Amino acid sequence: MSLTLSLGRSPLGAPVTWQGGNGHIAVLGQSGRGKSVLLRHLMAQLPPQGVRCLVFDCAGDFREAEGGLPPLENAVVRPVREMLRWDPFRPLQLTPAYAETAADTAARLAGSILDAYAFRGTAQPVRLRSALAAFLEAPGGGFPGLVRWLEADRSRAAGLEPSLLRLRDLARIFPGGGEAPDWGLDRPGITVLTFDTVPDRTLQAVLTELLLAALWSDRLALPGSCPLVVVLDECQRFSFREDSMLTRILREGRKFGVHGWFASQWLRRKSAAEALEQAALRIWFYPGEDQVLPLARRLAGESRRAETARLIRSLRVGRCLFRHSDGSLRVVCVPAPDGACKIFC
């Protein structure tokens, strides 16, 4: 997939465009600086280029007319609960030639849960993964069936008490028993998945990981479908662990026409920062004073840190930096919601 995107204008008013075959994008910066406005501007350019765009809107920044912003033209807004009627325990397609085994499925589900919920020690992770593997050999029933199966054995339930609290939450919100989600992968367009009815942030992270795995599998089953861009905000909530779907998209997505756009405040986790280094286009808004010098050092090295720090501090709301193909750092003025730069610049 080759994308051509208008980023906005230079401070002098010249149009700024970006083109690339690697469509991964990272947008980083302090809240309220213009990340969502920029992403809306970029997303609107996808359907005319034959691209399907799916937005995992954890923060509620992309709902219709949210925060005074105009609606995304022709975007479909769907509550995430509508996408949770399928069986999350079904084996998924990991590559075009390989589907999950029961052990793979158990490892994936356990990893998604354990990555979001911090359990002390190693006992709980081992017990959860073992229980999931054993359950997959028993009659199904999704998360509700898993909870009933665990509670039927007092000893097993007692050993998994911390996990059971989380599994009960998943059972309430993930009833299963329905058809697989219709992602619209065969046609260009924009779908925004909202998490309004799932206020728990940790649960949002688990659901996002599970849904991304199902989306990945369904996309591989339709090799001739539209190129796909997945937009995910609030990425500071995710660890980007080695076997997570976010990392898989960044490392392998290009081969299958799947590209990730990731928006976040400053990333403190080393794994997340390293994963997003694979994005072809990285855009930085003002990160907050405590992160100016670390960002300047990362962008320009020690020798030009002071000069780059001054440039970062000059970024007002609606202005951002990106690295041009010639290696230089360029300032971009993000188009305002009405299409004019003057509001921000």
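Asker: Go over the overall build of the chain, please, and point to the residues and values.
Answerer: For the chain, the helix and strand inventory stands at 11 helices and 13 strands. Here the C-alpha coordinates of the chain stretch approximately 70 × 45 × 40 Å along the principal axes. Within the chain, counting contacts between residues at least 6 apart in sequence, those at least 24 apart form 71% of the total. About 15,400 Å² of surface is accessible on the chain, with carbon and sulfur atoms providing 50% of the total. If the 44 positive side-chain charges of the chain are averaged to one point and the 35 negative ones to another, these points end up 5 Å apart.

Asker: An account of the packing of aromatic side chains is requested, with residue identities and associated values reported.
Answerer: A full pass over the atoms with the stated rule returns seven aromatic pairs. Ring plane angle 85° and centroid distance 5.4 Å describe the contact between Trp86 and Phe174, whose orientation is recorded as edge-to-face. Of the two residues, Trp86 is situated in the loop between β5 (76-79) and β6 (93-95) and Phe174 in the loop between α6 (161-173) and β8 (189-194); the sequence distance between them amounts to 88 residues. The two residues Trp86 and Phe174 agree in class, both being buried. An aromatic cluster is present here, built from Trp86, Phe89, Phe135, Phe143, Trp149 and Phe174 joined pairwise through their rings. Its guanidinium or amino end placed over the ring of Trp149, Arg156 lies 3.7 Å from that ring's centre, counting from NZ or CZ.

Asker: Which residues make up helix α4 (residues 142-151), and what are the values?
Answerer: Burial analysis of α4 places seven of its 10 residues in the buried class, the great majority of the element. Those residues of α4 that sit buried are Gly142, Phe143, Pro144, Gly145, Leu146, Val147 and Leu150. The secondary structure elements touched by the buried residues of α4 are α2 (102-116), α3 (123-135), α5 (154-159), α6 and α7 (201-220).

Asker: Could you give an account of the pattern of salt bridges, with specific residues and numbers?
Answerer: Pairing between side chains of opposite charge can happen when the charged atoms of each approach one another. Under the counting rule described, the total for this entry stands at 19 salt bridges. It is possible to trace a salt-bridge network through shared partners that takes in Asp115, Glu209, Arg241 and Asp243.

Asker: Describe the pairing of strand β12 (residues 319-323), naming the residues involved and giving the relevant values.
Answerer: When you tally the buried positions in β12, you get four out of five residues, the bulk of the element. For strand β11 (residues 281-284) and β12, the ladder comprises two bridges, and the chain directions are antiparallel. If you follow Ile283 over to β12, its bridge partner there is Phe322. Where β12 lies against strand β13 (residues 329-333), five bridges are found, and the strand directions are antiparallel. For Leu321, the partnering residue across the bridge sits in β13 and is Val331. Here β12 hands over to β13 after five residues, with Gly327 in that stretch at a positive phi of 95°.

Asker: How would you sum up the confidence of the model for the chain? Please name residues and give values.
Answerer: Summing up the model confidence of the chain, the mean pLDDT is 88 and the portion of residues at 70 or higher is 94%. Note that residues 339-343 has pLDDT below 50 and, in this model, seven contacts with residues that lie over four places away or in other chains.

Asker: Before we move on, can you summarise the nonpolar core with the specific residues and values?
Answerer: Counting 80 residues, the largest nonpolar core has Phe143 and Phe240 as the members making the most contacts within it. Per element, the largest residue contribution to this core is 12 residues, and it comes from α7. Not counting residues up to four positions away in its chain, the partners in contact with Phe143 are Pro88, Phe89, Leu109, Ile113, Leu167, Leu170, Ala171, Phe174 and Leu210. With 31 residues, the next largest nonpolar core counts Trp18, Leu72, Cys320 and Val334 among its residues.

Asker: Account for unusual backbone geometry, naming residues and giving values.
Answerer: Even without glycine at this site, Glu234 takes up a positive phi of about 55°. Looking at the element boundaries, Glu234 is found in the loop between β9 (228-232) and α8 (245-252). Assessed through its relative accessible area of 15%, Glu234 is described here as buried. Although it is not a glycine, Phe240 sits at a positive phi angle of roughly 55°. Among the secondary structure elements, Phe240 is positioned in the loop between β9 and α8.

Asker: So, the side chain of Thr208: which residues are in play, and what are the values?
Answerer: Within the element layout of this structure, Thr208 appears in helix α7. Relative accessible area serves as the criterion here: at 0%, Thr208 is assigned to the buried category. In terms of polar contacts, Thr208 uses its side chain to reach the backbone carbonyl oxygen of Gln204, at 2.8 Å.

Asker: Run through helix α10 (residues 289-300), naming residues and quoting values.
Answerer: Taking 1.5 Å per residue as the helical rise, α10 with its 12 residues ought to reach 16 Å, and the 17 Å between its terminal C-alpha atoms agrees with that figure. Every buried residue of α10 is accounted for by Gln291, Val292, Leu295, Ala296 and Leu299. Down the axis of α10, the buried set is contained in an arc of 140°. They therefore lie on one face. In this structure, the buried side of α10 is in contact with β11, α11 (305-313), β12 and β13. Looking one or two residues past α10, Gly301 carries a phi angle of roughly 80°, positive in sign.

Reading the values: rules and limits
- Residues numbered from 1 in each chain as written.
- Predicted model: local features only at pLDDT ≥ 70, side-chain atom pairs only at ≥ 80, totals over all residues.
- Heavy atoms only, no water.
- Helix = DSSP H or I, 4+ residues; strand = E, 2+ residues; numbered from the N terminus.
- Contact = heavy atoms within 4.5 Å.
- Areas by Shrake-Rupley, 256 points an atom, 1.4 Å probe, with all protein chains shown as cover.
- Lys, Arg positive; Asp, Glu negative; His and termini not counted.
- Charge placed at Lys NZ, Arg CZ, Asp CG, Glu CD.
- Phe/Tyr/Trp six-rings, centres within 6.5 Å; stacked < 30°, edge-to-face > 60°.
- Buried < 20%, exposed > 50% of the residue type's maximum accessible area, 1.4 Å probe, protein only.
- Lys NZ or Arg CZ within 6 Å of the ring centre and 35° of its normal.
- Salt bridge = Lys/Arg side-chain N within 4 Å of Asp/Glu carboxyl O.
- Pairing = 2+ DSSP bridges.
- pLDDT = per-residue confidence, 0-100.
- Core = buried A, V, L, I, M, F, W, Y, C linked by side-chain atoms within 4.5 Å.
- Polar contact = N/O pair within 3.5 Å; in protein donor to acceptor, adjacent residues only side chain to side chain.
- Expected span 1.5 Å × (residues − 1).
- Arc of directions from axis to C-beta.

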